[in-house]
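# Fold and contact review
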Amino acid sequence: MGNEPQTHVTQLMGLAASGSKSAVDQLLDVVYDELRRLAQGYLDRERPEHTLQATALVHEAYLKLVSQQSVGFRDRAAFFGAAATVMRRILVDHARAKRREKRGGDAVRIVLDEALAVFQEGADDLSSLDEALTALAALDQRKARLVELRFFAGVSMAETAQMLGISLRSAERDWTLARAWLRSHLDRTSPASQS
Amino acid sequence: MPDQNEPKPVDWQRLEELFHAALDRTEHERANFVESACGNDPPMRAALLELLAGHARVNSRFINPVASPTHPDQPPEPRCASGETDLVNAAAAAAALVTGTTPPTLTERPGTVIGRYKLLQEVGHGGFGTVFMAEQREPVVRKVALKVIKLGMDTRQVIARFEAERQALAMMDHPNIARVLDAGATDSGRPYFVMELVRGDPLTRFCDENCLSLRQRLELFSAVCHAVQHAHTKGLIHRDLKPSNVLVTMHDDKPVAKVIDFGIAKATHDRLTDKTLFTELRQFIGTPAYMSPEQAQLSGLDIDTRSDIYALGVLLYELLTGTTPFDSHKLLSAGYDEMRRIIREDEPPKPSTRISALSSATFSRDPPRRGALPSSGEQRGPQFTRRGGASRLNLADATPLVGSSSLDIAHQRHTDPGALCRSLRGDLDWIVMKCLEKDRTRRYPAASELAADIQRYLRDEPIVARPPSALYQLRKLTARHKALVAGMMTVLLVLIAGIMTTSWQAVTARRQRQIAERQRQIAEQQRDRANTEAVKAEEVARFLQDMLASVDPEVAGTRDTTLMREILEKAVKRVATELTGQPAVEGAVLTTIGNTYRSIGRYNDAEPHLVQALEIRGRVLGADHPDTIDSMLALATLYHAQCRLADLEALAETMVEVSSRVLGEQHVQTRCAMASLGEAYRFEGRYREAEPLLLGALQALRRDPGPADRRTLAAMVNLALLYQNQGRYPEAEPLFLEALEGMRRALGPDDPHTLIGMVNLGMLYRDQSRYAEAQPLVAEALELQARVLGETHSHTLATMADLAQLHAERGEFEAAEPLYRRALEGQRRQMGDQHPLAISVLIGIANSLRLSARYREAEPLYREALEAQRRMLGDEHPNTLSTTFDLAGVLADLTRYDEAVALYEQTLDPARRVLGDEHPHVLRHMSRLADIYAQRGDYARAEPLQVKALELLRRSFGEEHVDTLASLNALALMYSGQQRYHEAESLLAKALPLYRRLLGDGHRFTLNCMSNLAMVYQYLERLDEAEALTTEALAATRRALGEDNPETYTSMNNLAMLYTRRGRFGEAEPLMLAAYEGQRRALGDKNGDTIQFLTNLALLYFDLSKYSDAEPLLRRLLAARRSALPQGHPSIAAALGQLGYALLKTGDDAEAEPLLRECLAIREQVLPPDHWLLAQTTSLLGGALAGQAANVVNTDPAAAAAKLAEAEPLLIEGYSGLLRGAEQIPARARAQRTREAVQRLLELYDTWVSAAPNDGYGGKALEWRAKLAALPPAESQP
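Conventions used here
Residues numbered from 1 in each chain as written. Chains lettered and ligands numbered in written order. Predicted model: local features only at pLDDT ≥ 70, side-chain atom pairs only at ≥ 80, totals over all residues. Heavy atoms only, no water. Helix = DSSP H or I, 4+ residues; strand = E, 2+ residues; numbered from the N terminus. Buried < 20%, exposed > 50% of the residue type's maximum accessible area, 1.4 Å probe, protein only. Contact = heavy atoms within 4.5 Å. Areas by Shrake-Rupley, 256 points an atom, 1.4 Å probe, with all protein chains shown as cover. Core = buried A, V, L, I, M, F, W, Y, C linked by side-chain atoms within 4.5 Å. Polar contact = N/O pair within 3.5 Å; in protein donor to acceptor, adjacent residues only side chain to side chain. pLDDT = per-residue confidence, 0-100. Lys, Arg positive; Asp, Glu negative; His and termini not counted. Salt bridge = Lys/Arg side-chain N within 4 Å of Asp/Glu carboxyl O. Pairing = 2+ DSSP bridges. Axes fitted to C-alpha atoms, helices over the stretch in contact; angles between N-to-C directions. Expected span 1.5 Å × (residues − 1). Phe/Tyr/Trp six-rings, centres within 6.5 Å; stacked < 30°, edge-to-face > 60°. Lys NZ or Arg CZ within 6 Å of the ring centre and 35° of its normal. Parallel < 35°, antiparallel > 145°, perpendicular 65-115°, else oblique. Left-handed = near helix turned anticlockwise from the far one by under 90°.

## A short note on the overall build of chain A
Counting its regular elements, chain A contains nine helices and zero strands. Starting at the N terminus and ending at the C terminus, chain A contains elements arranged as α-α-α-α-α-α-α-α-α. Of all 195 residues assigned to chain A, the portion counted as buried reaches 56%. Considering only contacts in chain A between residues 6 or more positions apart, those separated by 24 or more positions represent 67%.

Following this line, the structure appears as C-alpha cells:
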C-alpha cells in the first residue's frame, strides 16, 4: 500500500478544497470506503457490549488516509467535512439495520461521543437524530452542518467555525440554538421518550 | 418529515435573535421578555418557548443537584450558553480552552460545606479542578484533601466508576500511598474526591530543590515502585502517574514519597479516546509526557499495570535527567495526531544521551554574541559526536529544553555533567529504557522487578535489563513492515527443532570440557598466570555443569523447576563475578545457561544469555569459530521455540554461509545449519525452498553422524513436518515413525523430544482421519508432558490444544472446551495473545465452535486470528490462507454465501500457487466452494468442481477420510437438488456407514449424512425408511448438541416435514413451531433456514386449516423476501400468493386483491403461460373480487355487480387453466385446488343472484353446484 493512497487522498483534499465537485465526490467515496471498513472491523471484532466511537474512527481514517506532511487547514477541512457527512450516513444506516433486526439479539451499541449521548438518551436511536438534522437543514443549512461536523467528525468548535467561515462566537451561538432546537424537535417527535 | 405536531412556521431569523436575547437575560427576566417580545405573535411565542425549553432540557439532562444550594439567598447557578455541567459543553469548554476563552469558574470556595466536609482553604489547582484542605466532621474530625473536578463530566458515571473501585481502594494500605476516602457530587453537580491530606512537594521538585543525589533519588523512587506494586497486587492501576501525583514530605528528616490520586484517573477518564483524550490531556493530565503508547492508542484501550510501569519509567527519566523523554510542550504543539504518533513510534534518547545532548546543546545555544559556532571541539564533547550514529533524529533530541542546562541538572544531583552522564550510561540507561519499551511485553512485568533492578544497581550487582541486541533492533525495524514472526500449523511442530542443536544435556557437557581444555591450551601458550586461571575456569565450568545437570528435568524427571531456576540465577551471578577475563569459558557457560532456560520453557530468560554468549564468542573467537556457530545454533533453536521467524531465518542464513565457508559443506554443523534454514523456510510456508535443504541435510546426517544421532532425528522430524504441511501424508508417516523409534531408543521414552514425536505422529493420524490411533497417542503424550515438564510448559499447553482439537473433531465438546481454555490461558500468560501459538489455539477454539454449529461465535475469532496472521505472516502464508478458508466456511455456514464465495474464490488461486493443486487444503476447499455453488443453484459450476475434488480426494486419502466423505455428501446433496435422487441415494448410502465407523453415530457429520439420506428416501417415497432415519437423527442430534442448537432445530424441521408429508399434521405442528421459533432465536430472522422453517410452518397451518395462524407468519415472510430479494423475484410472488390465499380464507378479500394482482404480474413475467400456478393465482384473484362483492352486495349492489363482472372471466379462466395443467399440480393438492376453484365460481354466481336476482345467474349457480358435487373429494384432513 505504502504512500500511494495517502498521496491520492491528500491531492483529492486539495482539489476539493479549491472547489472541485468531482474531487469532493471522489473524496467522499474514498473516505466512505475507509470508514466503512474501519467501522465494520470494529463491529466484527468487538463484543456486543463494546461501543463504536465515531470520532475515533474518523481520526483513525484520517491517520490512515492522509499523509501527514503539508496538510493545510483548508485541505484538512475538506477531509473532515467529507468525513462528517459519511460518518453520519454510516452510523444512521447501521442504526437502522440494527433496529430492523432487533430480535436478532446481538445489538451492537453505538455510542458516539458524549456530545451525541445527550441526544441518544432521549431520542432512542440515531435515525431520529438523522431525521431531526435533516429537518434542521431545511430551516438552516449552516447550523445543521455545524452539528454534523461536531458530532460525526469530532471537529473542535474553533475549527468548525473556521470551516464554516464564521466567528467562534457565532459558531457557539449556532451550537446552542441548534442543540435546543434538536432537543425540542426530538422530544416532540418521540414524546414517549420525553424526560 | 412533516408531522401533525410540527408548530406553525415562523420567521427563523427573528426566532434566532429572540432566542439569544432571551438567553442573555436571567431566568427571572426571561418570562417577561418573551411576553413583551412576542405578545402579539402567538406562533412566535410558542416556538420561542419551545426552543427555550429544549435548551433547558439539553442542559438539565445531565445533572440534578442533589441538595439545595449552599447559599440559599443566591440565585441558582445561571444556565447560560456555557453551562459547564453539560456533557456537550465539555467539548465546548475544551474548545474554549483551546482558543483561550475563559473556562468556567468554580463556585465552591472556603466555607462551603460539601456533604460531611467543610472546605477550609484552597491548596492547589490544576486543569482537573481544585484541591481544598477540608475538615471532615463525622465520624471523626480530621483534615482531608478534597478535590473538586472542575470541568463538566458525567458525575453519575464518575461516581459509579469510583464506586466500582471502592472496595479495591479500601484494601490498599501502604505507607507510600495516600488513601482515597470518599467520592460524591457537589451541590452544583461536580464530582469530588476525598483523600488523605498530604502536604508535600511533587517528587521532581522536591528532589531538585533539595539537591538529592542520584542514589537518594533512586531510593526514593524505589519506594514509589513498591507502592505502585502494592496497588497493582490489589488490582488497581493508577493510569496517571506523574510528579504531581507523587508528593514527598519529610518524616523524621527522611523524605517519604506518597502516591496520591489512586482510583481517580480510572473514575474520571475511563474512556480516553480521541477528543476526550486531547481534552483531558489539557484538563486533567496537563501533559501527555507520561502517557504510555497503549494509552495514546485510539482504541482497544486495555490499559494494564504495564502502563504504570511506563509512567514510572518517565518519572525515573525525569528524576535522572531533569527532562521527560518527550517534551510535553512540543507534544502538545505538535497537534493531536502527531502527538500520538510520537508517543507510539519515536524512540526517545537514552538518559545519558539526553544529558550529553543537553550539555552540547546548552553550549551551542549560548548567547549569539559569543558567536554562532562552538569555539572548540572540547565543547562538543565526544558523546555528542557519538550520538551522530543514531539513525533517526527525534523530537526530543532536536529540542533541548529551555531553561534547564545539563550543568543545573547535574548540580541538582550533586555531580557534574560528565560524571552524571557516565553514571547513567549503561545500567541506568537500560533500566529506564526497559520501562519505556513501546511493546509492553518487553517492559518490566511488575513494578517490584523495576525496584529490584534499581536495588541491584545500587548494590553494584548485574541488572536484569539488557541493552537491545543488534538482532533485536533489526527486528524492531522489520516489524513495522512485515512478518516479524511466523509459523502456526500444529503447535507442537514448532518445538521439535529443539533437538536440532546439541541440547545442553549430554553434548554440552562434552563441549564444556573441550572448551575449557582449549581455553587452557591457549592460556598456557600465553602467560604463566593464565595457567591457574584456566584451571579455575575449567573448575567453574564443571561446577556449573554439575549443578545444572543435577536438576535437569530431562535427566532427573523432576517437575519442580523452581529449584532449577534458583540454581540458574545463582549461576548467572557467578558468571558475572567469577568469569570476568575468561571470555571463552564465559561464552560456554552462558550458552549452557541459556539452553537450560530454554529447556524449561523460560524463553525470555534464555535470550539475553544466548545473545551475550554469541556476542562474547564472536568478539573473542571470531565470527567463523565453530563455537560461535554453535552459539548461533543455540540462539536459532531459541528463536524457533519463540516462533521468531525473521530472526531465525536471518540467523540460519548466516550460519549456513559461515559454516560452509569455514567447516565445509559436508560438515555436520553445516548440515545442521542447512536444516535450520530449511525449517525456517518451512515455518514461513516456503515449502519448495525448504525441501531440498531438509532432504539434503537429512541424507548427509544419516551418513555422518548416523541415523541414531539426535541431530539426524531432528532433521528427520523436520522433513516429516514439511511433508505433512504439504499434504504428503504417506511420505511423512514412515519418517515420523522412524524418528519416534530413534528418539525412544536414544533419549528414552519420557524424554521431552520423544513426547513431541508422539504428538507429531498423532496429529499426522488426525490429518488422515485416523482418530482411533491419534487420540490415545496424543493423550498419552500430554499426560507424560504434564508429569515431566509441568502443566504450564509450552509443550504441554500446545499438546493440550491438539488433544482438544481431536475431541472437538469427534464431537466431544465437553472434553474439548476445558482443554482449550486451559491451553489458551496458559499460552497467553506465557507469551501474550499475539503469539503464533496463542493464535493457533484461538483458531482451534473457533473450529470447535464451528463444529458445534456455534457459527456466530466462531466468526469473530476467525477474524481476530486472521488479522493477526495477516499482520505477522502476510496474506499468502499457508496458515493465513487456511484461516481465510475457515472464515469463508463459517460465512457459508451463516448462509452469507456472497461473502463466502468471494472469499473462497479469491483465496483458492493463491492457495493453489503456494500449496500446489492437489494439496489437501486446496482439495477440501474446492469441494466446499462447489458445495456453496450447489446451494445457490449454480449446478453448472458446482458439478465439475465437486466431481474433480472428489476424485482427487479419493486418490489422496481413499474413501475413509472426512474430506472425501464431505465431498461425497456434498455431491449427493447437489444431485438431490437436481432431483437426481437415485444417484444421491447411492452416494449417501455408501457414505453413512463410513461416517458411522469413522466418527461414531453421534457425530454431527454422521448426523448430517443421516438426515440427508432420510430426505432422499422421502423424495423417493420410501417413507418408512425416511422416518426411521429422521427420528434417529433428531434423537442423536439432541444428545450431541443439546436442544438449543441450529442443527437440532433443523432436525426437528426435517421430522416435522416428514410427518406433514405423511399427513400427520397434529404431530408435525408442535415440532415445526418449536423448530421455527428456535432457529429464529438462534440465527435471526434473516437467516435462510429461519425463512425456510417459517414457510414450512405457514404451509402446515394451511394443512391444518389454521389460516389466521398462518397469516402473520406469511406477512413476516413477505417482508423478509421483499427486503432480501430484488423486485419481481419468484419467491416474492410465492409469498404474495400464499399470503393472498390466507387472507381469502380469513375473509380479508379487499386486502388480498392487490397482493394477488402483484403476484400475478410477477408470475406472468417469470412462468410459462400454461403453468398451473398462473391459473391458480388468476382464480384466487377472481375469488378476492367476488368475495368483496359478497361483502357489499346488500349495501351497494351496483358496486358488487361491477366486481362480479370483473371476477367472472378470471374465475373461469383460472378454473379451466387448472384443469389444463392438472398434471403439473402436486398430486396431494390437485383435488383441493380444483375443488376450491369451483367453489369460488359457485360463490360468484350465488352472490350475483343476490345482486341481480332477475339476470338468470340462478341457473349458472345450479350448474356449478352440480359440477362441484361431481368432483372427487379433497384429501381428507386429520
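## Observations concerning the overall build of chain B
Counting secondary structure elements, chain B contains 57 helices and nine strands. Every one of the 1278 residues in chain B was classed for burial, and the buried ones make up 57%. Within chain B, contacts between residues separated by at least 24 positions form 64% of all contacts whose residues are at least 6 apart in sequence. Accessible surface computed for chain B: about 52,600 Å², of which carbon and sulfur atoms make up 51%.

## What about the nonpolar core?
By size, the foremost hydrophobic cluster in this structure holds 239 residues, and its most contacted members are Met655, Phe736, Leu1114, Leu1244 and Tyr1245 of chain B. No other element matches the 10 residues that helix H45 (residues 981-999) of chain B contributes to this core.

## Considering the environment of Glu1032 of chain B
Residues and elements named next belong to chain B. Position of Glu1032 relative to the elements: it lies in helix H47 (residues 1023-1041). Classification of Glu1032 as partly exposed rests on a relative accessible area of 32%. Dropping the residues within four chain positions of it, Glu1032 is found in contact with Arg996 and Met1010. At a separation of 3.1 Å, a polar atom in the side chain of Glu1032 contacts the side chain of Arg996.

## Focus: the confidence of the model for chain B
Residue and element names in this part refer to chain B. Overall, the predicted model of chain B reaches an average pLDDT of 75, with 76% of residues at or above 70. In the model of chain B, helix H21 (residues 493-496) stands out as the element of lowest mean pLDDT, 23, in contrast to helix H54 (residues 1172-1192), which has the highest, 92. The low-confidence segment residues 1-5, where pLDDT is below 50, has four contacts with residues more than four positions distant or belonging to other chains. This model gives residues 468-512 a pLDDT under 50, and the stretch forms 148 contacts once residues within four places in sequence are excluded. Complex prediction metrics read pTM 0.42 and ipTM 0.75.

## Things to note about the side chain of Arg1163 of chain B
Residues and elements named next belong to chain B. With respect to the helices, strands and loops of the structure, Arg1163 is situated in helix H53 (residues 1149-1166). Although Arg1163 is buried, it forms no salt bridge, and the closest oppositely charged side chain is Glu1164 at an N-O distance of 11 Å. For Arg1163, the side chain forms a polar contact with the side chain of Thr1177, separated by 3.0 Å. When residues no more than four places from it in sequence are discounted, the contact partners of Arg1163 are Ala1133, Ala1134, Leu1173, Leu1174 and Thr1177.

## Looking at the pattern of salt bridges
Residues and elements named next belong to chain B. Overall, the coordinates contain 68 salt bridges over all chains when judged by the stated rule. Linking Arg863 and Glu859 is a salt bridge whose minimum nitrogen-to-oxygen distance equals 2.9 Å. Here Glu859 and Arg863 lie together in helix H39 (residues 855-873), a separation of four residues that amounts to about one turn. As a salt-bridge pair, Glu1032 and Arg996 come within 3.1 Å of each other at their nearest N and O atoms.

## Observations concerning the sheet that holds strand E8 (residues 246-251) of chain B
The strands making up a sheet associate through hydrogen bonds between their backbones, and the pairing can be parallel or antiparallel. All names here are of chain B. Strands sit in the order E7-E8-E9 across an open sheet of three strands; the sheet is antiparallel. Both edges of this open sheet fall to strand E7 (201-202) and strand E9 (254-259), since each of them pairs with a single strand only. One ladder, built from two bridges, connects E7 with E8; its direction is antiparallel. Bridged to Asp201 within E8 is Val248. Helix H7 (residues 214-233) rests against E8 and E9 of the sheet, and its axis sits at about 35° to E9.

## Quick look at helix H19 (residues 447-458) of chain B
All names here are of chain B. The end-to-end C-alpha separation of H19 is 17 Å, in line with the 16 Å expected for 12 residues at 1.5 Å each. Looking at the buried residues of H19, the elements they touch are H7, helix H11 (305-321) and helix H18 (417-435). One or two steps after H19, the chain reaches Asp460, where phi turns positive at roughly 60°.

## Some remarks on the packing of aromatic side chains
Residues and elements named next belong to chain B. Applying the stated criterion across every chain yields a total of 10 aromatic pairs over all chains. Ring centres 6.3 Å apart and planes at 20° place the aromatic pair Tyr1245 and Tyr1257 in the stacked group. Placement of Tyr1245 in helix H56 (residues 1227-1251) and of Tyr1257 in helix H57 (residues 1257-1270) is noted, with a sequence separation of 12 residues between them. Linked through ring pairs, Phe1102, Tyr1107 and Tyr1141 together constitute an aromatic cluster. Note that Arg1233 overlies the ring of Tyr1141, its terminal NZ or CZ placed 6.0 Å from the centroid. In this structure, Lys1267 is placed above the aromatic ring of Trp1264, and the distance from its NZ or CZ to the ring centre is 4.1 Å.

## Focus: the pairing of E8 of chain B
Residues and elements named next belong to chain B. Where E8 and E9 come together, six bridges link them in antiparallel fashion. Bridge pairing links Thr249 to Val256 in E9. From the end of E8 to the start of E9, which pair antiparallel, there are two residues, and Asp252 there has a positive phi angle of about 45°.

## Here we look at the packing of helix H28 (residues 626-641) of chain B against helix H29 (residues 645-662) of chain B
Residue and element names in this part refer to chain B. It is the contact of H28 with H29, at a shortest axis distance of 9 Å, that shows an interaxial angle of 155°. Here H28 is positioned roughly antiparallel relative to H29, judged by the angle of their axes. In the crossing of H28 with H29, the sense of the turn from one axis to the other is left-handed. Residue-level inspection shows Ile629, Met632, Leu633, Leu635, Ala636, Tyr639 and His640 of H28 in contact with H29, the latter providing Asp647, Leu648, Leu651, Thr654, Met655, Val658 and Ser659.

## Some points on the packing of helix H32 (residues 710-725) of chain B against helix H33 (residues 729-747) of chain B
Residue and element names in this part refer to chain B. Interaxial distance between H32 and H33 falls to 8 Å at its minimum, and their mutual angle equals 155°. Here H32 is positioned roughly antiparallel relative to H33, judged by the angle of their axes. Between H32 and H33 the crossing geometry is left-handed. Packed against H32, whose contacting residues are Arg710, Leu713, Met716, Val717, Leu719, Ala720, Leu721, Tyr723 and Gln724, the element H33 presents Tyr729, Glu731, Ala732, Leu735, Phe736, Glu738, Ala739, Gly742, Met743, Ala746 and Leu747 at the interface.

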